[in-house]
Amino acid sequence: MKTQALLSAVLSLGMALTASAADVAGLWGQHCASCHGKDGKGETKAGRKAGVKDQTDAKYQAGLTDEKMFKAIKEGLKENGKEKMKPFKDK
């Protein structure tokens, strides 16, 4: 259940603060699951290639803040000047 709560929070903050549960699930499936997986563990081909973190890991979650999640979703993620996750500010 913690995984579902985290995924819902991430999508709620960055994409659809007033969206229904069906909308959130649809947005996750459309924009996030290809890398992060349906369960947030990042165990997809694209996720492994990109080095996606396991969103369900307690240690990883302990370092997350609403601000960090919102920024990553709105601005995307870069490492050494290379885009690791595209921004979703217009979604």
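Structure's up top.
Residues numbered from 1 in each chain as written. Predicted model: local features only at pLDDT ≥ 70, side-chain atom pairs only at ≥ 80, totals over all residues. Heavy atoms only, no water.

(A) Spotlight on the pairing of strand β2 (residues 82–85). The pairing of strand β1 (residues 77–79) with β2 spans three bridges and is antiparallel. By the bridge assignment for β2, lysine 78 is matched with glutamate 83. Between β1 and β2, which pair antiparallel in sequence order, lie two residues; one of them, asparagine 80, sits at a positive phi of approximately 55°. (Pairing = 2+ DSSP bridges. Helix = DSSP H or I, 4+ residues; strand = E, 2+ residues; numbered from the N terminus.)

(B) Just the state of the cysteines, in detail. Inspection of the entire model under this criterion finds zero disulfides. Not part of a disulfide, cysteine 32 finds its nearest cysteine sulfur in cysteine 35, a span of 8.9 Å. With relative accessibility at 8%, the residue cysteine 32 sits in the buried group. (Disulfide = S-S within 2.5 Å. Buried < 20%, exposed > 50% of the residue type's maximum accessible area, 1.4 Å probe, protein only.)

(C) Local environment of unusual backbone geometry. Of note, the phi angle at asparagine 80 is positive, near 55°, even though the residue is not glycine. Topologically, asparagine 80 is positioned in the loop between β1 and β2.

(D) Representation of helix α5 (residues 66–75). Those residues of α5 not exposed but buried are Met69, Ala72 and Ile73. Summarising the axial view, the buried residues of α5 lie within an arc of 95°, below the 170-degree limit, and thus occupy one face. Among the exposed residues of α5, those oriented more than 90 degrees off its buried face are Glu67 and Glu75. Remark: glycine 76 follows α5 within two positions and exhibits a positive phi of approximately 80°. (Arc of directions from axis to C-beta.)

(E) Expanded view of the pattern of salt bridges. A full pass over the atoms with the stated rule returns one salt bridge. Notably, a salt bridge pairs lysine 84 with glutamate 79, separated by 3.7 Å at the nearest N-O pair. (Salt bridge = Lys/Arg side-chain N within 4 Å of Asp/Glu carboxyl O.)

(F) Seen up close, the environment of lysine 84. Looking at the element boundaries, lysine 84 is found in strand β2. In the structure, lysine 84 is positioned 34 residues away from alanine 50 in sequence and 6.6 Å away in space, judged by C-alpha atoms. Setting aside chain neighbours within four positions, we find lysine 84 in contact with Ala50, Leu77, Lys78 and Glu79. A distance of 2.9 Å separates a polar side-chain atom of lysine 84 from the backbone oxygen of alanine 50. (Contact = heavy atoms within 4.5 Å. Polar contact = N/O pair within 3.5 Å; in protein donor to acceptor, adjacent residues only side chain to side chain.)

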